[in-house]
Amino acid sequence: MSVTRNTAGNPFRALAERWLNRRAPRARAIALNHRRLFILPTRAGLGFLLMIALLWLLATNYENNLVFALTFLLVSAFVILPVHTFANLTGLHLQLLGTRPAFAGDFTEANINVRREGKRKREWIQLGWPPEEGRYVDLCDQAGTDVCIAMPVVARGRVQAPRLRIESRFPLGLFCCWSWLDLDIEFLVYPRPVSAGPLPVGAAQSEGESGEVRRGHDDLNALKPYQPGDSLRHLAWKQYAAGRDLYSKEYESRTDGRLWLDWELLDGRDVETRLSNLCHWVLQAERQQLAYGLRLPGTRIAPALGPKHQQQVLRALALFPKWGS
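Residues numbered from 1 in each chain as written. Predicted model: local features only at pLDDT ≥ 70, side-chain atom pairs only at ≥ 80, totals over all residues. Heavy atoms only, no water.

1. Some remarks on the sheet that holds strand S9 (residues 157–160)
Quick note on the threshold: For two strands to pair, DSSP has to find at least two bridges joining them. We count a stretch as a helix when DSSP gives it H or I for four or more residues in a row; a strand needs E for two or more, and each element gets its number in order from the N terminus. Should any heavy atoms of two residues lie within 4.5 Å, those residues are considered in contact. Lines fitted to the C-alpha atoms define the axes, with helices restricted to the stretch that makes contact. Angles between their N-to-C directions range from 0 to 180 degrees.
Reading across from one edge, S4-S12-S9 is the order of the three strands in this open sheet, with mixed pairing throughout. Each edge of the open sheet carries a strand with a single partner, namely strand S4 (102–103) and S9. In this sheet, strand S12 (residues 186–190) lies alongside S9 in antiparallel orientation, the contact comprising four bridges. Residue arginine 158 lies in a different strand from S12, and its bridge partner there is leucine 188. Together, S4, S9 and S12 form the strand contacts of helix H6 (residues 307–318), whose direction differs from that of S12 by roughly 95°.

2. Looking at a nonpolar patch on the surface
Note the cut-off: To count toward a patch, a residue needs a relative accessible area over 30% and no salt bridge; like charges are then connected within 9 Å, while nonpolar side chains (Val, Leu, Ile, Met, Phe, Trp, Tyr) are connected within 5 Å. Accessible areas in this description were obtained via Shrake-Rupley with a 1.4 Å probe; residue shielding takes into account the shown protein chains only. One side-chain nitrogen of Lys or Arg within 4 Å of one carboxyl oxygen of Asp or Glu is enough to make a salt bridge.
Judged by side-chain polarity, Leu50, Leu54, Trp56, Leu57 and Phe72 come together as a nonpolar surface patch covering roughly 550 Å² of accessible area. The element contributing the most residues to the nonpolar patch is helix H2 (residues 43–62), with four residues. Counting through the fold element by element, phenylalanine 72 comes out in helix H3 (residues 65–89).

3. Points about the sheet that holds strand S8 (residues 144–152)
Overall, antiparallel pairing links the four strands, which are arranged S1-S3-S5-S8 in an open sheet. A single partner strand is all that each edge strand has here, and the edge strands are strand S1 (29–31) and S8. Across the sheet, the mean angle separating the axes of adjacent strands is 25° when strand polarity is ignored. By the bridge criterion, seven bridges tie strand S3 (residues 93–100) to strand S5 (residues 107–115) in an arrangement that is antiparallel.

4. Side note on unusual backbone geometry
Residue proline 131 is bonded to the preceding proline 130 through a cis peptide linkage, with omega at 5°. Mapped onto the elements, proline 131 comes out in the loop between strand S6 (122–128) and strand S7 (135–139). Here the residue pair phenylalanine 170 and proline 171 is connected by a cis peptide bond, since its omega of 5° sits within 30 degrees of zero. Tracing the backbone through its elements, the reader meets proline 171 in the loop between strand S10 (164–168) and strand S11 (175–181). We note that tryptophan 124 has phi near 55°; this positive angle belongs to a residue other than glycine. With respect to the element layout, tryptophan 124 can be found in strand S6. The phi angle at aspartate 184 is positive, at roughly 55°, despite the residue not being glycine.

5. Thoughts on the confidence of the model for the chain
Spelled out, the test is: The predictor reports its confidence for every residue as pLDDT, a score running from 0 up to 100.
Looking at the chain as a whole, the pLDDT averages 83, with 81% of positions reaching at least 70. The low-confidence segment residues 1–5 (pLDDT under 50) makes 16 contacts with residues lying over four places distant or belonging to another chain. The low-confidence segment residues 203–218, where pLDDT is below 50, has 39 contacts with residues more than four positions distant or belonging to other chains.

6. Some details on the pattern of salt bridges
Just so we agree on the cut-off: For every residue, the accessible area obtained with a 1.4 Å probe (protein chains only) is divided by the maximum for its type, and the residue is called buried under 20%, exposed over 50%, and partly exposed between those limits.
What the rule picks out here adds up to nine salt bridges. The partner of glutamate 109 in a salt bridge is arginine 100, with the nearest N and O atoms 3.8 Å apart. Judged by relative accessible area, glutamate 109 falls into the partly exposed class, the value being 29%. Residue arginine 295 pairs with aspartate 262 through a salt bridge whose shortest N-O separation is 3.6 Å. Taken as a pair, arginine 295 in strand S16 (residues 291–296) and aspartate 262 in strand S15 (residues 258–262) lie far apart in primary sequence, 33 residues in all. Each of Arg26, Asp182 and Asp184 takes part in a single network of salt bridges with overlapping partners.

Set out below in structure tokens:
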């Protein structure tokens, strides 16, 4: 499902979009009023109206005053109901609080505050992006609430969300009052993680004192008193031959505990595949608690660890220029 605003090739949709932009312009905080709200009977409302017409024909044909009274009562209800449905939405205030980044192919969320004016209760309010069901909101015992609205995202980068639909069919579902809102919602979408094999730990290079010291067999570090069980190959025979006590040699090797995730390591793959592979390595390095850095054409992020560093690296992958842009 595409979430970008694409009206090319559909003149009626483009015309409706321009009309909505004039009548309900983009804003991060919106108050619903008569200019933004629309109301029409639902299918149930049209069926109700047809029933009223049949009752009127029945009352006229048989001159039945009781059926006439019932018909006029239902007509009165049908006339009053749209007022209550409209009043259930008018005066509501909606404000965008923030968005949550997501990976391509997943669901992202927008956090929206909904509050009412005055003491009038608001019920049966639906908020979402069709065809998703969205969320239902009731403002009976509270003046406002925060709701998270989910939306599927397909492509990485900055994704401008389409207009949000808010509607209500309160109280009997015979009328639907709705509006299309542009809260200027923009999502940051990371590349979809695609496995590229194990982490390229061999690409890590030693950088002196910044490396992690591990016991090994590279450089002689010190001599320690011999203990039963020490390897005979590590015995300091020269010192022992010179009349000194028996010692064992202790070695160390210095390896860089940091990892560079380099664009060039994935040479031969297309741009989106490289970004997806690097994204998978980022998540893998965080899980394994390996300090990692990122090298992209024109971008270099020093090795580190933690949620902030991970967000910085994923953001760089998400905003990498697209092919042909």
